Amino acid sequence: MEEEGRKLLEEGIRKKLISPGRGELSTFPDGTKVVFHYRTSLSDGTVLDDSRTMGGRSKPMELILGKKFKLSVWERILITMKQGEVAEFTCDTKHTALYPLVSQSLRNISIGKDPLEGQRHCCGIAQIHSHHSLGHKDLDHLQANPQPLVFAIELLEVLTPGSFQLDMWAMTDKEQLDSVPQIHEKGNALFKEGKIKEAMEKYYNAIACLKNLQMKEHPGDEAWIHLDQMITPLLLNYCQCQLLQGQYYEVIEHCSSLVFKYENNLKAYYKRGKAHAAVWNEKEARADFAKVVELDPSLEASVNKELKALEERLRSKKQEEKGRYKGLFDINARPAAATTVSPV
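Bear in mind the structure is a predicted one, so any value in this text is a computation, not a measurement.

Draft legend 1. Local environment of the packing of helix 9 (residues 222–244) against helix 10 (residues 248–261). Where helix 9 meets helix 10, the closest approach of the two axes is 9 Å, and the angle between their N-to-C directions is 155 degrees. Overall, the two elements helix 9 and helix 10 adopt an arrangement that is roughly antiparallel. Handedness of the crossing formed by helix 9 with helix 10: left-handed. Residues Asp228, Thr232, Leu235, Leu236, Tyr238, Cys239, Gln242 and Leu243 of helix 9 form the contact with helix 10, whose participating residues are Tyr248, Glu250, Val251, His254, Cys255, Ser257, Leu258 and Lys261. A class-by-class count of the residues in the contact of helix 9 with helix 10 yields 9 nonpolar, 4 polar and 3 charged.

Draft legend 2. Focus on the packing of helix 11 (residues 266–278) against helix 12 (residues 282–295). The N-to-C vectors of helix 11 and helix 12 enclose an angle of 155 degrees; their axes lie 8 Å apart at closest approach. Taken together, the axis directions place helix 11 and helix 12 in an arrangement best described as roughly antiparallel. The handedness of the crossing between helix 11 and helix 12 is left-handed. Residues Leu266, Tyr269, Tyr270, Arg272, Gly273, Lys274, His276 and Ala277 of helix 11 form the contact with helix 12, whose own contacting residues are Glu284, Ala285, Asp288, Phe289, Lys291, Val292 and Leu295.

Draft legend 3. Seen up close, helix 8 (residues 196–214). Under the 1.5 Å per step criterion, the end-to-end length of helix 8 is 27 Å for 19 residues, consistent within 8% with the ideal 27 Å. Those residues of helix 8 lying buried are Ile196, Ala199, Met200, Tyr203, Ala206, Ile207, Ala208, Cys209, Leu210, Leu213 and Gln214. Buried-residue contacts for helix 8 involve helix 7 (173–192) and helix 9.

Draft legend 4. Seen up close, the state of the cysteines. Applying the stated criterion to the full structure yields 0 disulfides. Not part of a disulfide, Cys239 finds its nearest cysteine sulfur in Cys255, a span of 4.0 Å. Assessed through its relative accessible area of 0%, Cys239 is described here as buried. When its relative accessible area of 0% is taken as the criterion, Cys255 is described as buried.

The rules behind the values
- Residues numbered from 1 in each chain as written.
- Predicted model: local features only at pLDDT ≥ 70, side-chain atom pairs only at ≥ 80, totals over all residues.
- Heavy atoms only, no water.
- Axes fitted to C-alpha atoms, helices over the stretch in contact; angles between N-to-C directions.
- Helix = DSSP H or I, 4+ residues; strand = E, 2+ residues; numbered from the N terminus.
- Parallel < 35°, antiparallel > 145°, perpendicular 65-115°, else oblique.
- Left-handed = near helix turned anticlockwise from the far one by under 90°.
- Contact = heavy atoms within 4.5 Å.
- Nonpolar A, V, L, I, M, F, W, Y, C, P; charged D, E, K, R; others polar.
- Expected span 1.5 Å × (residues − 1).
- Buried < 20%, exposed > 50% of the residue type's maximum accessible area, 1.4 Å probe, protein only.
- Disulfide = S-S within 2.5 Å.

From the geometry alone we can't say anything about function, so treat these as descriptive.
Below, the structure is given as structure tokens:
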């Protein structure tokens, strides 16, 4: 252990053991899955991230060793730990330059957003030296002022290669691409069972996977277009789930992005029309439904049913408002009698 500590110091990493682990130290061959909690702090003790509280929930980090994780220092320190061990590692700046980008992705994941949202189509080093915001003031400051960081790690579990199913992010590009149709089918099966939230998660995972692959292609190239065409039906299914969950504005946003690229996408117009109708955007709903009939006249009966439902809701809303404000501006209404207050 002392020898390992000396090696770490030579590499610019200082380890402080908080609580010893149990058993023997694993050999950690490539493909080993490690599950751990982490807390990242500045040298002055300011906490940047904590896996126990990130996104309002306690969810440990999972990492597959040998998959070229962007923050390679995490792999280096984890292989010095026993299962159950808790330790702090103070790492020099040369090891922490990419942490702002890693943190941005982890924060996005914790709240259900695309892990690549806000990251440009370039390598990590290029992003570090660009001047765009990461969407978090503390990360923007850290990106502009690289410095040592302290990682408090609790190693929860060590799983040997082959003893677990690979997560999407741990797969090769080919493995990811091959898995998308299966995830799509699982999402469809869950949807048919009425498990809308679970289906949404499957569709989201497949979309995130394809977007990750798409980031490696040049926009407009054949491979990029092929991936985009795979994303489209998944996004439409995701929007259908959002409609059922009452997330109407999100549906409008997603479907608008689709019709901007594919102006004859009937399903996108139909779902956006339903979302507009749900939030009382009568003009926009009618325009979308008119486009649906233009693209497929056989859907006129379905569109008329949606328009009739919209008109009935609008009528009910007007009646409700009329009743609510009845008498408010009636000039013939008798004013309330004034109350005379005797002086004390």
